[in-house]
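Structure at a glance
Listed below, chain by chain, are the residues.
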Amino acid sequence: MLNLKSVKKQYERNMALNDISLNFSRGKCYGLVGPNGAGKTTLLKIISSIIQDFDGSLTFTEASRANSKEIIGYIPQEICLEETVTAWDNLSFFGKIYGLKGQTLKLRINEVLNDIGLTDKAKHKVSAYSGGMKRRLNIGCALLHTPDLIIMDEPTIGIDPQSRRYIFNMIEKLKEHGCAIIYASHYMEEIEQICDEAIFIDKGNIAENGRVDVLLQK
Ligand SMILES: Nc1ncnc2c1ncn2[C@@H]1O[C@H](COP(=O)(O)OP(=O)(O)OP(=O)(O)O)[C@@H](O)[C@H]1O
């Protein structure tokens, strides 16, 4: 569904990404692994069109949807929620950004709340949520518009095992629905558990790339 060809990104004198070519297909979870400063977030921001100033090409191979905003659900490393209002209000805000309204918006909010396991806490203020609950809500906000490609930038940092389980179950469901997921993480055991393929990135270059079982044997 997505091809990257010779993608390069330079910040002033710092070459953050150096000739990255990759293909992503539906129904698979791709682990993106690398040390601090390897270029993971830069790559994810290029794929999500947050960074538009780069060299090389990025092509969505299925033209069924109008633009990348409709295709992509981007879950940033930072929690991006308004804590003074409820989970429902946060979901409603993000749903409207994606053009959802009325009954469709209500239906999607209820579905997402169920998927992230927060139905009974929907009317609670986010400031009263645990770190793991905030992470789950952060993910939910990016799924309302049923994106085809979901980008998760280290979504399990500082969370409890129950929230981690919810996130992993969610990834399995998204794969079953034919979505592609790109999952950046520092944790190899997470990549082994949920990813079909892994991309090891170091100093802006691809060090290894392929099926997780094959890479593990290596
Ligand atoms: N806005 C920016 N301006 C200048 N340099 C930047 C900027 N963003 C990132 N960099 C640099 O680009 C390189 C790659 O950074 P990036 O954040 O993509 O790495 P990362 O693999 O996501 O790291 P981490 O695991 O710490 O999140 C680093 O050397 C970083 O300092």
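Residues numbered from 1 in each chain as written. Predicted model: local features only at pLDDT ≥ 70, side-chain atom pairs only at ≥ 80, totals over all residues.

By the naming in an unreviewed UniProt entry, the protein is ABC transporter ATP-binding protein YxlF, taken from Oceanobacillus picturae.

**Focus: the sheet that holds strand S9 (residues 205–211)**
Read across the open sheet, the 6 strands follow the order S5-S6-S7-S3-S8-S9; overall the sheet is mixed. Two strands lie at the open edges of the sheet, namely strand S5 (72–75) and S9, each paired on one side alone. Direction aside, neighbouring strands of the sheet carry axes that sit 15° apart on average. Pairing analysis gives 4 bridges linking strand S3 (residues 29–33) to strand S8 (residues 197–202), with the strands arranged parallel. (Pairing = 2+ DSSP bridges. Helix = DSSP H or I, 4+ residues; strand = E, 2+ residues; numbered from the N terminus. Axes fitted to C-alpha atoms, helices over the stretch in contact; angles between N-to-C directions.)

**As for the pairing of strand S1 (residues 2–11)**
Inspection of the sheet shows S1 paired to strand S2 (residues 14–24) by 7 bridges, in the antiparallel sense. From the neighbouring strand, Gln10 faces S2, where its bridge partner is Met15. Once S1 ends, the chain turns through 2 residues before running back antiparallel as S2, passing Glu12 with a positive phi of about 45°. Taken together, the 5 bridges between S1 and strand S4 (residues 55–60) define a ladder with antiparallel strand orientation. Paired with Leu4 across the bridge in S4 is Leu58.

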